[in-house]
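Descriptive analysis of the structure
So the chains spell out like this:
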Amino acid sequence: AKLGARAGRISRVLKILRFLPFLMNSESQDSKKVKIAKVISNQLTNGLSTRVAFLTICIVIVMPMFTMFTYPEEDESMGAWTELLALNADSYYEAWASGNATLANVRRSRLFSELTRLKDFYADVSYGPFNAKFGESLDSGVFEARPDILDLSGVTGWTFSDPSRKSSSRVVTQGRMRAYFDLTVPKQQEAASSMGLICFIIIVMCCFGLVMSSSISVIALQPLERMLSVVRERCTQIFKYTSNLKDDSSSGSDEESEYDDMEHDSEFVLLEKVVSKLAAIADLSATNQEPEVKADMNENEIMQLSWMQGAQVPAVNAGRASVAPKNFGKGGLEASETDHRPPRGLNALNSMPVAVMEALDTAHFNSLDLTKEVRCSVAAYLITDTSTQWSTWARSNVPQAQLLAFVVQMESNYTGNPFHNFAHAIDVEYMVYRYMDLIGAEQFLSETTQFSLLISAIGHDVGHTGVNNQYLIETSNELAVRYNDHSPLENMHCARLFQIISTPDTNVFSQIEKDLYKEMRKGMIDAILHTDVTKHNEMIKELGMLYQMNSETFDSLCPETAITSNTHISLISGMLLHGADVSNPVKPWSLCRRLAYLCMDEFFAQGDLEKAAGIPVQMLNDREKVNRPNAQIGFIEFFIAPMVMEMVHLFPPLHSLAEYLDENIRNWLEVWQQETNPAPDAVAKVAARVRKVADNMNLLAKTAQEHQSQFGE
């Protein structure tokens, strides 16, 4: 028992190793990191030591009981009897060799008498002799019988017989005698004992294994299982895009995981995925999404960054008068009094050349060169196109006369700005239409949401004054005062849009239930307000987080399983409208260049107003300082490329955006070099930036095409 107890503590001796110098350093460095593991390890060591001791004691005590059947192997009586017979045989041999027949007969009789005693000695046991021979051992070790000297074959009455299995007999040789013993019964008992011992050990080990398993389960597995259950539960929540992107009003059914294969993954695999996701999210949260000013940036690039971050020019005259741009009515909210009745004969297909119809199915649609009538027809057609899902709903719920009147009235409320005009509104509507078609928006956006997005696109810049929010805030314009400097233009666009809709003749929501209208109105306002460039970086971060949390789903072209809550729908709706609003750089080069120059013309016109008013000229607005191609390179690098990156990540069918962006930024580099003839070192710096963006877009497009090829229909 003492030996068993000591044997059970052998595992504890290994703890001495921890005092070795190299192990002590390692332990001291990691001790704070493995506290829980160390506690579990100590508990396992104690439990294993106790149970190993118990097992050892059982084996030490029980095993000798099974060895009692091996006693005949250790029985010295067989050797003693054979030795006694050998002494008598030697005496007979001496008498025989001396020729004394009388003495030889006497000693022969004595030998036979001892043989009789030998048979009687083993008569009551299960083993005994069955034969004896007289002879001599040769030098080779072989025993040679000598029946010619003494023949013992005549001895009869043996209790035992020669066993059939030679392994059951035992031969004992002493001097001139060899005795044969039958151990059949002891051998059988020994075999049975061995079988019993094996069975006993198996039973003990099984019981010990169950006890050990139970102990390990209690000490380690149950706490680990509880922890991993929490991991699985948290995985489900995390993969559902958790707290800040989950709609508070989601029903219980929304809690169902979009990752059906989670049931087939181990908790450790899930934990690895979660850690990867959380690392990506942490990186998104920690990374400053706003581009930072670098030491080697020139004045134009710094201007671009400041414009994208919504920087305001310091006020120089707090008491100055508000400077109103051309075509800017009082308060900016008065709708045009133009007759909003559609021209006679106007319908969704009226005045639409075949070329325009065909262009709507490509990336080459150009709204700039269309007449007013064709633009109005295009605006109505995109909403009622029978090839789309939302058109059925629109045809059933929106009277055509009111839709056409609405479009005409919207056209009359847009001003003649170089860029922010009705042609831009139609272009944005077309891009929203195209985006929704490419990504299969009907999978996750309702018909009403798609319809309201197209209406929002038409009205997202209605009444635009040709100046930006910073100008309105800087000049203390009435709009800036009214909306407390928070997106005054976008708020005005929303107000003007719904002011037009409130008129019965142009109310495209007149046949819609009140609750549904309130929901659609809320989504439209949210989407339009997110066209403010100051909300751009926040949107990029949210889109990146949505993709990181559901990358497998979006890569496999199953966005409907990830876009499940109102928050998701609002985010994607904002992305579609904002992405369409700034889509100039992702169009074919001819359109891209033309639109970019129109936009810069509008910026320069604002700069002229600022100079005339004696206020600081804002970034990108000074026609004497800003280089157009270089400004476009910075705009694409810092503003558009991150947006396209997230849009294509979420929706691989939009890979053409990356392809056009790759082409256009390279073209802008060539134009910049041709127009300015810059120094070689400046060319090298800008070319390196362009190459980085172009390579990223090229890789993005290829990856998206692979996903579309693998998972697309």
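Up top is the structure these notes are about.
An account of the accompanying structure is given in this report. (Residues numbered from 1 in each chain as written. Predicted model: local features only at pLDDT ≥ 70, side-chain atom pairs only at ≥ 80, totals over all residues. Heavy atoms only, no water.)

**Comments concerning the overall build of the chain**
The test is simple: A helix here means a DSSP run of H or I that spans at least four residues, while a strand means a run of E at least two residues long, and both kinds are numbered starting from the N terminus. Each residue's exposure class comes from its accessible area (1.4 Å probe, protein chains only) as a fraction of the maximum for that residue type: buried when under 20%, exposed when over 50%, partly exposed otherwise. Note on contacts: a residue pair is in contact if any heavy atoms of the two residues lie within 4.5 Å. Exposure was quantified through the Shrake-Rupley algorithm and a 1.4 Å probe, taking into account, for residues, occlusion by the shown protein chains and nothing else.
Assigned secondary structure in the chain consists of 27 helices and 4 strands. Taken across its 713 residues, the chain has 47% of its residues classed as buried. Taking contacts inside the chain between residues at least 6 apart in sequence as the whole, the part at least 24 apart equals 78%. Split by element, the accessible area of the chain, about 35300 Å² in all, is 54% carbon and sulfur.

**Observations concerning the packing of aromatic side chains**
Let me state the cut-off plainly: Centres within 6.5 Å are what make two rings of Phe, Tyr or Trp a pair, Trp counting through its six-membered ring; a difference in plane orientation under 30 degrees is then read as stacked, over 60 as edge-to-face, and the rest as tilted.
Counted under the stated rule, the structure contains 19 aromatic pairs. On the numbers, 5.5 Å between centres and 55° between planes, the contact of Trp81 with Phe121 is tilted. Taken as a pair, Trp81 in helix 5 (residues 77-98) and Phe121 in helix 6 (residues 101-121) lie far apart in primary sequence, 40 residues in all. Owing to a relative accessible area of 10%, Trp81 belongs among the buried residues under this scheme. An angle of 85° between the planes, with centres 6.4 Å apart, marks the rings of Tyr92 and Phe134 as edge-to-face. Taken together, the residues span a long stretch of sequence, with Tyr92 in helix 5 and Phe134 in strand 1 (residues 128-137) at a distance of 42 residues. A relative accessible area of 3% places Phe134 in the buried class. One aromatic cluster in this structure is built from Trp81, Phe121, Tyr122, Tyr127 and Phe181.

**A short note on the nonpolar core**
Cut-off, in case you're wondering: Here, the term nonpolar core denotes a set of buried Ala, Val, Leu, Ile, Met, Phe, Trp, Tyr and Cys residues that are joined through side-chain atoms within 4.5 Å.
One finds Val378, Phe406, Phe451, Leu497, Ile572, Met575 and Val644 to be the most contacted residues of the largest nonpolar core, which totals 108 residues. Setting aside residues up to four positions removed in sequence, Leu497 forms contacts with Phe406, Met410, Ile455, Gly459, Val462, Met524 and Ile528. Counting residues in each nonpolar core, the second largest holds 28 residues, with Met78, Ala89, Tyr92 and Tyr180 among its members.

**Describing the sheet that holds strand 2 (residues 143-145)**
Which entries qualify depends on this criterion: The pairing criterion is simple: DSSP has to find at least two bridges between the two strands. Note on definitions: angles span 0 to 180 degrees between N-to-C directions of axes, and those axes are lines fitted to C-alpha atoms, for helices only across the stretch in contact.
Spatially, 4 strands are ordered 2-1-4-3 in an open sheet, and the strand pairing comes out antiparallel. Here the strands that pair on one side only, and so sit at the sheet edges, are strand 2 and strand 3 (169-174). For this sheet, the mean inter-axis angle between neighbouring strands, taken without regard to orientation, is 40°. Two strands pair when backbone bridges link them, and strand 3 and strand 4 (residues 177-182) are joined in this way by 6 bridges, in the antiparallel orientation. Looking across to strand 4, one finds that Gln174 is bridged to Met177. Its contacts with the sheet put helix 5 on strand 1, strand 3 and strand 4, and the angle it makes with strand 3 is roughly 45°.

**Let's talk about the packing of helix 21 (residues 536-549) against helix 23 (residues 566-581)**
Geometrically, a packed helix pair is captured by the angle between its two axes and the distance between the axes. Rules: Comment on the angle field: the value is read as roughly parallel under 35 degrees, roughly antiparallel over 145, roughly perpendicular from 65 to 115, and oblique elsewhere. Left-handed is the label given to a crossing in which the near helix is rotated counterclockwise from the far helix by less than a right angle, and right-handed is the label when the rotation is clockwise.
The interhelical angle for the contact between helix 21 and helix 23, taken along N-to-C directions, is 125°, at an axis separation of 11 Å. The angle between helix 21 and helix 23 places the two elements in the oblique class. When you trace helix 21 past helix 23, the crossing you get is left-handed. Between helix 21 and helix 23, the residues in contact are His536, Met539, Glu542, Leu543 and Leu546 and His568, Leu571, Ile572, Gly574, Met575 and His578, respectively.

**Overview of the state of the cysteines**
Rules: For the purposes of this analysis, a disulfide is any pair of cysteine sulfur atoms at a distance within 2.5 Å.
In the structure shown here, the tally under the stated rule is 0 disulfides. Looking at the unpaired Cys206, the closest cysteine sulfur is the one in Cys207, lying at 6.8 Å.

**So, unusual backbone geometry**
With a phi close to 45°, Ser487 is a non-glycine residue in the positive phi region. Overall, the relative accessible area of 10% leaves Ser487 in the buried class.

**A look at a nonpolar patch on the surface**
Where we set the bar: Patch building starts from residues that exceed 30% relative accessible area and form no salt bridge, then joins like charges within 9 Å and nonpolar side chains (Val, Leu, Ile, Met, Phe, Trp, Tyr) within 5 Å. Note on definitions: salt bridges are taken to be side-chain nitrogens of Lys or Arg within 4 Å of carboxyl oxygens of Asp or Glu.
Taken together, Leu221, Leu224 and Met227 make up a surface patch of nonpolar side chains, about 250 Å² in accessible area. With respect to the secondary-structure elements, Leu224 resides in helix 7 (residues 184-239).

**Notes on the packing of helix 12 (residues 372-384) against helix 16 (residues 447-459)**
We count it as follows: Think of it as three bins: nonpolar holds Ala, Val, Leu, Ile, Met, Phe, Trp, Tyr, Cys and Pro, charged holds Asp, Glu, Lys and Arg, and polar takes everything else, Gly as well.
Running from N to C, helix 12 and helix 16 cross one another at 165°; their axes reach a closest spacing of 10 Å. Judged on the interaxial angle alone, helix 16 and helix 12 are roughly antiparallel. The crossing of helix 12 and helix 16 is right-handed. Between helix 12, through Ala379, Leu382 and Ile383, and helix 16, the contact on the second element is made entirely by Phe451, Leu454, Ile455 and Ile458. When its residues are assigned to classes, the contact of helix 12 with helix 16 shows 7 nonpolar, no polar and no charged.

**Details of helix 12**
The condition that has to hold: Multiplying 1.5 Å by the helix residue count minus one yields the expected span of that helix.
Taking 1.5 Å of rise per residue, 13 residues should cover 18 Å, and helix 12 covers 19 Å from first to last C-alpha, within 8% of that figure. The element helix 12 is largely enclosed, with a buried count of 11 among its 13 residues. Within the sequence span of helix 12, burial applies to Val374, Arg375, Cys376, Ser377, Val378, Ala379, Ala380, Tyr381, Leu382, Ile383 and Thr384.

**Let's talk about helix 27 (residues 680-711)**
Helix length check: helix 27, at 32 residues, gives a terminal C-alpha distance of 46 Å against a target of 46 Å (1.5 Å per residue), a fit within 8%. Of the positions making up helix 27, those classed as buried are Val683, Val686, Ala687, Arg689, Val690, Val693, Ala694, Met697, Leu700, Ala701, Ala704 and His707.

**Considerations on the side chain of Asn627**
Selection criterion: Polar contacts here mean pairs of N or O atoms no more than 3.5 Å apart (in protein, one a potential hydrogen donor and the other a potential acceptor; neighbouring residues in sequence count only if both atoms are side-chain atoms).
Assignment of secondary structure puts Asn627 in the loop between helix 24 (589-613) and helix 25 (628-650). For Asn627, a relative accessible area of 17% puts it in the buried group. A distance of 2.9 Å separates a polar atom in the side chain of Asn627 from the backbone nitrogen of Asn630.

**Things to note about a negative patch on the surface**
Spelled out, the test is: Just so you know, the count uses Lys and Arg for positive and Asp and Glu for negative, and it drops His and the chain ends. Charged groups are reduced to one reference atom each: NZ for lysine, CZ for arginine, CG for aspartic acid, CD for glutamic acid.
On the surface, a cluster of negative charge is contributed by Glu358, Asp361, Asp437 and Glu442. Relative to the helices and strands, Asp361 resides in the loop between helix 11 (354-359) and helix 12. We classify Asp361 as exposed; its relative accessible area is 58%.

**Here's the deal with the environment of Ser137**
Along the polypeptide, Ser137 turns up in strand 1. On the basis of relative accessible area, Ser137 is assigned to the partly exposed category, the value being 45%. When neighbours within four sequence positions are excluded, Ser137 is seen to be in contact with Val142, Phe143, Thr173 and Gly175.

**A few points about the side chain of His655**
Relative to the assigned elements, His655 resides in helix 26 (residues 655-676). By relative accessible area, His655 is classed as buried at 15%. Separated by 3.1 Å, the side chains of His655 and Glu659 make a polar contact. Here His655 is in contact with Val648, Ala701, Ala704, Gln705 and Gln708, once residues within four sequence places are set aside.

**What to know about the pairing of strand 4**
With 5 of 6 residues buried, strand 4 lies mostly within the body of the structure. Relative to strand 4, strand 1 runs antiparallel, the two sharing 6 bridges. When the bridges of strand 4 are listed, Phe134 appears paired with Met177.

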